[in-house]
Amino acid sequence: MPEHVAPSGPIGPGLPDANAAGAADRPGRGVVSFVRRGSRMNASQQRAMDDLAPRYLIDVPRADMSTSVAPGAWIDLAERFGREAPLAVEIGSGTGDSLVAMAGARPEMNVLAFEVYAPAVASTMGRLDRAGVRNVRLIAADGAEGLRELVGTARLTELWTLFPDPWPKKRHRKRRLIAPAFAGLVADRLADGGLWRLATDWTDYAEQMAEVLGASGLFINQYADRPGGWAPRGTRPLTRFERRGLSTGRAIRDLVWTRAPR
Ligand SMILES: C[S@@+](CC[C@H](N)C(=O)[O-])C[C@H]1O[C@@H](n2cnc3c(N)ncnc32)[C@H](O)[C@@H]1O
């Protein structure tokens, strides 16, 4: 079935085109953790795309969906980063609120970020450029598929899933990214002792995260001795999502777990 493509403005190389909202619900498609939105960009996003994509954006072979990563796709990441270095991946980098600061604070790492929403990818490139952060590459695709196809077993030093879409309605919870099958994939890709950093402002999702990681038996909570087992925020910046959560009285929860030795 051809993918429905909504009208959109010009987009850049390596970017998914617009998709109708709710397309992920169509029968025959796997459940995904994101809502499909248009890809229309404002002028500064389009400028960032035109000027900065060659530096930051990596295109990937697609399967049937424009946000997909084709099974068997492979990319020489060291070549794309211009060096071998420990790899961190962020899934759902949004407009880069966490990414720019966290990658900037870790110049010794290669940071690969996945974000399905093209205008957010463009904004992130602009922010990375203004901050002078050069150790990041972005892929406009589903990060769960990207992790599966592009990162080898035990090749990952850190995974960041910070403020993933909360899917607060009960009937939508199956869309949450942090679920047993995904945790199994992460456990395979993380090196022994590799870190998984998670954060959310939805208490129920934080509890689900802790349950999923704990039940897998494949991760160790680095802050098990703290109240609730929650981690300190550490150097993670105070993001827009966090501020919004705090302003409505929600508690922010951080989790830092490591891959148990194999
Ligand atoms: C609430 S924002 C979080 C932004 C960022 N992590 C931060 O800390 O500011 C969640 C983002 O995840 C993206 N997203 C959700 N599921 C995704 C997936 N499987 N792959 C890539 N991006 C995804 C959404 O498009 C959205 O921009």
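Anything mentioned here points back to the structure above.
Source: prediction; values computed, not measured. Positions within a chain are numbered from 1, following the residues in the order the chain's sequence is written. Only residues with pLDDT of at least 70 are given local features in this predicted model, and only at 80 or more are side-chain atom pairs given and counted; all residues enter the totals for whole chains, interfaces and linings. As a rule here, side-chain values come from all non-hydrogen atoms in the structure, and water together with hydrogens is ignored.

Looking at helix α1 (residues 43-56)
As a reminder, the rule being used: Helix and strand definitions follow DSSP, with helices as H or I runs of at least four residues and strands as E runs of at least two, each counted in order from the N terminus. A helix's residues, less one, multiplied by 1.5 Å, set its expected span. Think of it this way: the bend at a residue is just the angle between two axes, each fitted to seven residues, one set ending at that residue and the other starting at it. The cut-offs for exposure are 20% and 50% of the maximum accessible area for each residue type, with area from a 1.4 Å probe on protein chains only; residues under the lower value are buried, those over the upper are exposed, and the others partly exposed. Whether two residues are in contact is decided by their heavy atoms: any pair within 4.5 Å suffices. Between N or O atoms, a polar contact is any pair within 3.5 Å; within protein, one atom must be a potential hydrogen donor and the other a potential acceptor, and residues adjacent in sequence are included only when both atoms are from side chains.
A rise of 1.5 Å per residue sets the reference length of α1, with its 14 residues, at 20 Å; its end C-alpha atoms lie 19 Å apart and thus fit the reference within 8%. At Asp50, α1 is deflected by roughly 45 degrees, the largest bend along its length, and proline Pro54 occurs up to four residues later in sequence. Restricting attention to buried positions, one finds in α1 the residues Gln45, Gln46, Ala48, Met49, Leu52, Ala53 and Tyr56. Of the surrounding secondary structure, the elements contacted by the buried residues of α1 are α4 (118-131) and β3 (136-139). With a side-chain oxygen lying 3.1 Å from the backbone nitrogen of Ser44, the N-terminal cap of α1 falls on Asn42.

So, the packing of aromatic side chains
Our working rule: Stacked, tilted and edge-to-face are the three classes assigned to paired rings of Phe, Tyr and Trp, where Trp is represented by its six-membered ring and a pair needs centres within 6.5 Å; plane angles under 30 degrees give stacked, over 60 edge-to-face, the rest tilted. For a ring to carry a charge above it, either NZ of a lysine or CZ of an arginine must fall within 6 Å of the ring centroid while also lying within 35 degrees of the normal to the ring plane.
This structure, assessed with the given rule, holds two aromatic pairs. Ring centres of Phe182 and Trp196 lie 5.9 Å apart, and the angle between their planes is 70 degrees; on these two criteria the pair is classed as edge-to-face. Of this pair, Phe182 sits in helix α6 (residues 180-189) while Trp196 sits in strand β5 (residues 190-200), and the two are 14 residues apart along the sequence. Judged by its relative accessible area of 7%, Phe182 falls in the buried class. Chaining the aromatic ring pairs together yields one cluster made of Phe182, Trp196 and Phe219. Cation over ring: Arg176 sits above Tyr205, and NZ or CZ is 4.4 Å from the ring centre. The ring of Trp202 has Arg250 lying over it, and the distance from NZ or CZ to the ring centre is 4.2 Å.

Topic: the pattern of salt bridges
So the rule is basically this: A pair is scored as a salt bridge if a Lys or Arg side-chain nitrogen falls within 4 Å of a carboxyl oxygen belonging to Asp or Glu.
Within the structure shown, the criterion is met by 15 salt bridges. Close ionic contact of Asp129 with Arg55 constitutes a salt bridge, the shortest N to O distance being 2.7 Å. Residue Asp129 is found in helix α4, and its partner Arg55 is found in helix α1; the two are separated by 74 residues along the sequence. The exposure class assigned to Asp129 is partly exposed, which follows from its relative accessible area of 29%. Measuring nitrogen to oxygen at the nearest pair gives 3.7 Å for the salt bridge that ties Asp129 to Arg134. For Arg134, a relative accessible area of 41% translates into the label partly exposed.

A short note on the site of the ligand
Under the convention used in this document: Note on terminology: near, applied to a residue and a molecule or strand, indicates that one of the residue's heavy atoms is within 4 Å of it. Values of accessible area rely on a 1.4 Å probe in the Shrake-Rupley scheme; residue burial ignores everything except the protein chains shown. Three classes are used, and their members are as follows: Ala, Val, Leu, Ile, Met, Phe, Trp, Tyr, Cys and Pro are nonpolar, Asp, Glu, Lys and Arg are charged, and the others, Gly among them, are polar.
Every one of the 20 residues lining the ligand counts as a neighbour, but Ser33, Gly92, Ser98, Glu115 and Leu162 are closest to it. Ser33 has a polar side-chain atom sitting 2.8 Å from a nitrogen atom of the ligand. A distance of 2.8 Å is found between a nitrogen atom of the ligand and a backbone nitrogen or oxygen belonging to Gly143. Taking 600 Å² as the accessible area of the ligand by itself, protein coverage stands at 95%. When grouped by side-chain class, the residues that make up the shell around the ligand number eight nonpolar, six polar and six charged.

As for the sheet that holds strand β4 (residues 156-162)
Convention followed: For two strands to pair, DSSP has to find at least two bridges joining them. The axes used here are C-alpha line fits, helices contributing only the stretch in contact, and every angle between their N-to-C directions lies in the interval 0 to 180 degrees.
Read from one edge of the open sheet, seven strands run β3-β2-β1-β4-β5-β7-β6, paired in mixed fashion. Each edge of the open sheet is held by one strand with a lone partner, namely β3 and β6 (219-221). Averaged over all pairs of adjacent strands, the angle between their axes in this sheet comes to 20 degrees, without regard to strand direction.

Side note on the packing of helix α5 (residues 143-150) against α6
Which entries qualify depends on this criterion: Left-handed is the label given to a crossing in which the near helix is rotated counterclockwise from the far helix by less than a right angle, and right-handed is the label when the rotation is clockwise.
Viewed as axis vectors pointing N to C, α5 and α6 meet at an angle of 35 degrees, and their least axial separation amounts to 10 Å. Pair α5 / α6 crosses with left-handed handedness. Two secondary-structure elements touch here, α5 through Ala144, Leu147 and Arg148 and α6 through Phe182, Leu185, Val186 and Arg189. Residue composition of the contact of α5 with α6, by class: five nonpolar, no polar and two charged.

Keep in mind that these numbers describe shape and distance, not what the molecule does.
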